[in-house]
Every structure is written in C-alpha cells, then in structure tokens.
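Here is how the chains run, residue by residue.
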Amino acid sequence: MTDTDVVPAVPAAPVKTPPDQRRRAWTVTALLVVFMMVNFADKSVLGLAADPIREDLGLSASAFGLANSAFFLLFSICGATVGLLADRVRPKWLLLTMAVLWSLSQAPLVLGGGLAVLVASRVLLGAAEGPAFPVAQQTTLSWFPNHRRNLPGALIVLGVTLGVLVAAPVLTWVIHEHGWRTAVAVVAVAGAVWALLWIPFGGEGPYAGTRNGGTPAPVPADGRGAGSGSGSGSGADRVAHVSDAEPTADGRGAGRAVEVAEAVAGAGGAARGTPYRRIFATRTWIGATAGYFGTYWVIAFSLVWLPSYLHDGLGYSSATSAQLLMLVWGLSGAVVLGQAGLTGWLLRRGTSSRRARGGVGGILMLTAAAACLALPAAPAGAATVALVIAGFGCAGAMSSVAATTVAELAPADRRGGALGIMNAVVTTAGLIAPTLVGHLVDTQGTAGYRQALLITGVLLVLGGIAAVTLIDPARDARLLSARRTEPLAPDHDTPRQPA
C-alpha cells in the first residue's frame, strides 16, 4: 500500500476499547495533569516571591527579570532536542528523568546562595522543564484517537492552571510564614514524590504507533506502545480508527461517523517517515505555532510580572492580588475545558478542524487581545479587574488547540519532534517577556506595565489571526500525502488488539 491509497471508510466490525485500557488511559492522564501542576508550581514560585527575593538579594527589576529569563536560556533548546528524542526513546523514561532533575536542580537554591546560584538553578531547572509539555501531550494523546483527544489534551493544559491555583495560596502562605527558600523546597519535594508514582503507573498508549491502515498497536503489560521506539506507524492513527469509536448515547454513532469522515477526507494523509522540514513548512504548523507563541507570552507575563503588576501597578494588597491571580487562572481553566468541550462537539458533528480548532482558538485569542489593548486606558476599579481577568484568562486555550492540531497533522513517528520543535519556538517568549517587562518597569515605572500590556495585545492579535487563517490540518495532511509517492516499508508486525 502506498501513502495515497484510499483507506476503507467502514471497518468490518466496531470493537469497543477494553475497560482496563480506558482506566489505564485516564490514570496516565491524571498523573500527567499532576506532572504539569508541579511543572508550573516550579515556574510560579519566583513570581509569587518576587518582593522577598528582590529584597533578600538586593535585585533591581531588570536583574530579577533577567534571573527569570535565565530559566528559558536552555528551555527551548532542550525542548526541541528531547522532543525529537521522544520519537526514538520511550517517553515514560524521559518524563521520569525530567521530574528527578527538577528536584535536584532546585536543591542548591534551598540551601543558600545569591544571584549566581539563583540564575544557575533556574537555568538547570529550565533545561529539565523545557520538554515537559510536548512530551506530556505526546504521551497523553497516545491513549486516545483523534476525535477524543480534545478533553485529555485540555486536561494537560488545565494542569498548568491547577498548578498555579494550588501554588498561589499554598506557596504564598509558605513564603510569608517560612521564607521563600522553604517554598522552593516544597515544590522540589513534590517533583520527587511524582517521580515515585510515575515509575509503576506511567506508560504510553496504543496510539503511540499504528499498523498500516490505522489499526492501533497493542499495549503490553508495561504500558509501552508499539510506536514508542523508533515509531512503526503509518501516520494513519487519526484516519481509520473507526473500530475504536463507540456509538454515542443517542445511537447515532457520532464518534464513529467522524472517523469515517476523516478517512474519506484524507485527514490522515501525512505518512510515516514524512520529513520534519515538510511538516514545519505547512500553514497549519506555522499557524498553530504563531498562536501558541502569543499564549506563551501571556503565560510568562502572568508567572513573573502579573503579581507585581497587580500589587505595584494597580495598588492591590498581596492578599487581594493572590485572589485576583486565582480568578485569572480559574477563568483560564474554565476556558480550556469549555474550548475542549466545544471543539469535541463540533468535531463529532463533522465540523472540520480548521473551524473546530483553529477558529475556536483564534477567536479566544482575539478576545484576550481586545481586553489587553483596552486595559491601559480603563478606569480603575471593576472594569480594570474584569479586563485583567479576561485578557490573561482567555488566551490559554490555544496551548491545547496547538498540541491537538499538530498531533492531528503529524504521523505517529514524527509527533514528538513536531510538538517539541513547536514548543521550542514558542517558549522563546518566556526568554524575552520577563526581561523586556523588567526593562520597561525600570525605565518607565508603573507606566512600563501599560506598554507591556499593549505589546501583549498586539502579539495576541497576530496569533489569533494566524490561528483563524492558517490552521487546516486536513488540507495540509493531504498536501503532504500528495507530495510523497514512494511506498511504505512493509509492516512485519501483526499486533493483536489489547486484551
């Protein structure tokens, strides 16, 4: 069979996913949600302790911003490198290594030291956390077919929100009662505990690799998917998984119909072995990356400078600022789940990913952009609070949209690299934003925050437009398939369905 052969639209007989496999899928997803919670608690601790750290170490706003930007010095490089490695090495062990390194990298800062130790600790922590999001998404999505990936993908993003929601009150209390170094120790211990749980319960799913024709490979007892090595799938795991789609409650079999439609439309045209450079040149990958860049800029701003903006720029107390932060991240979590639900509903009814993912994600980004651009001129009070919450709370869903879109476009043996390189590009925003905002605050005082908000709004407008106009994974997968005519290597494995 060649890449352009037509996949049969209707399988011989639907097969339900075994209950044990469903339980395992959601267990792994839950562990990876906690993984992302720890990940963002690590990131947020310095922002929550900004004033005590600056006072303790005698740092200017620019120096503190530089220390935070140091976190991203190796973040993007390691994210890209490990993302590519995840197509060849089991993600289970990559994730375990990351969690262990998180804890070890923060130990020197717990014990003492000044600016040099702070910078070195953040550089090492950033290197270890750079690949976290793409590899976590790759592992989670390997347990679900395309039309069911929106909720688990959104839950991984929700881990970011939950991490900040839990970290904000807990770490703020620890910082005030026991000092900021103790707060760093708390998040380091949390990473070590997660690693101990991941060893027995973690693993990859059946959609990590597929047989030619789209049949998911089996999950052995240790949870290793067939494609978790070098990747043996044809990239059709999102085309012909009709046998895994169960009828909906109303008997219309919507999930199964979506998979049939995907097969007919050629949404899975990107084949095993498609060169990375061709995936990166697609309009879909570029649009998803541009949108996600704007989202990550907002995340970096929120983690490092939003607490200070609320306290110093808007005059709220530390307690009120913490409450407003929880509202921002709470709305972000609600928007992420709402987007997942709406996108899943649209896909099940035959709406293309161009509208269900690119359209929904882009509109949310444009909404956030409007709020950020209006914020500098807004009168103090309720209007300002509403705009802060909307501006910083509506942009986060693009993280989930970008991950599931690229997972739909890329074949299984290129998914880790496609996600990893995307993450490496967008996280450069984390390197730029803290330093730029710190410079603006140092040179312009509180007016610097207003300039930073305008820059943020412009980036969100550009990202939203890119998402709406460029994302179309079905179109780009067909183009990738049409340009690749050499036959696939024979599939020597004949995996059984999971028992």
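Higher on the page you've got the structure.
Everything quoted here is computed from the prediction, not taken from an experiment.

> In this structure, what is going on with the packing of aromatic side chains? I would like to understand it.
For any two aromatic rings, the description comes down to two numbers: the centre-to-centre distance and the angle of the planes. Evaluation of the coordinates by the stated rule reveals 14 aromatic pairs. When the ring of Phe35 is compared with that of Trp194, the centres are 4.7 Å apart and the planes differ by 50 degrees; the resulting orientation is tilted. With Phe35 in helix 1 (residues 19–48) and Trp194 in helix 9 (residues 180–201), this pair connects stretches of sequence that are 159 residues apart. The exposure class of Phe35 is buried, given its relative accessible area of 0%. An angle of 15 degrees between the planes, with centres 5.1 Å apart, marks the rings of Trp194 and Trp198 as stacked. In this pair, Trp194 and Trp198 are both assigned in helix 9, 4 residues apart and thus about one turn of the helix distant. For the pair Trp194 and Trp198, a shared accessibility class is recorded, and that class is buried. Counting every residue linked through ring pairs, the aromatic cluster contains Phe71, Phe75, Phe133, Tyr292 and Tyr296. Above the plane of the ring of Tyr276 lies Arg414, whose end atom (NZ or CZ) is 4.8 Å from the centre.

> How do you make sense of the pattern of salt bridges when you look at a structure like this?
A pair can form between side chains of opposite charge whenever their charged atoms are brought close. Applying the stated criterion to the full structure yields 6 salt bridges. Residue Asp413 pairs with Arg414 through a salt bridge whose shortest N-O separation is 3.4 Å. Across the pair, exposure class does not vary: Asp413 and Arg414 are buried alike.

> Help me understand the nonpolar core in this model?
When a protein is soluble and globular, its nonpolar side chains tend to lie buried together. With 126 residues, the main nonpolar core has Leu32, Phe35, Met98 and Met422 as its most contacted residues. Non-local contacts of Met98, meaning those with residues more than four positions away in its chain, are made with Phe35, Val82, Ala128, Pro131, Ala132 and Val135.

> I keep staring at the side chain of Ser332 and nothing clicks. Help me out?
Mapped onto the elements, Ser332 comes out in helix 14 (residues 318–348). For Ser332, a relative accessible area of 5% gives the class buried. Discounting chain neighbours no more than four positions away, the residues touching Ser332 are Thr161, Gly393 and Gly396.

> Help me understand helix 9 in this model?
Residues lying three or four places apart along an α-helix face the same way, a consequence of the helix completing one turn every 3.6 residues. In this model, helix 9 (22 residues) spans 32 Å end to end at C-alpha, consistent with the 32 Å of a helix rising 1.5 Å per residue. Every buried residue of helix 9 is listed here: Trp180, Arg181, Ala183, Val184, Val187, Ala188, Gly191, Trp194, Ala195 and Trp198. Burial along helix 9 is one-sided: seen end-on, the buried residues are contained in an arc of 160 degrees. Exposed and oriented more than 90 degrees from the buried face of helix 9 are Val189, Leu196 and Pro200. Each element contacted by the buried residues of helix 9 is listed here: helix 1, helix 2 (50–57), helix 5 (91–111), helix 7 (132–141) and helix 8 (150–178).

About the criteria used
- Residues numbered from 1 in each chain as written.
- Predicted model: local features only at pLDDT ≥ 70, side-chain atom pairs only at ≥ 80, totals over all residues.
- Heavy atoms only, no water.
- Phe/Tyr/Trp six-rings, centres within 6.5 Å; stacked < 30°, edge-to-face > 60°.
- Helix = DSSP H or I, 4+ residues; strand = E, 2+ residues; numbered from the N terminus.
- Buried < 20%, exposed > 50% of the residue type's maximum accessible area, 1.4 Å probe, protein only.
- Lys NZ or Arg CZ within 6 Å of the ring centre and 35° of its normal.
- Salt bridge = Lys/Arg side-chain N within 4 Å of Asp/Glu carboxyl O.
- Core = buried A, V, L, I, M, F, W, Y, C linked by side-chain atoms within 4.5 Å.
- Contact = heavy atoms within 4.5 Å.
- Expected span 1.5 Å × (residues − 1).
- Arc of directions from axis to C-beta.

None of this, on its own, says anything about what the molecule does.
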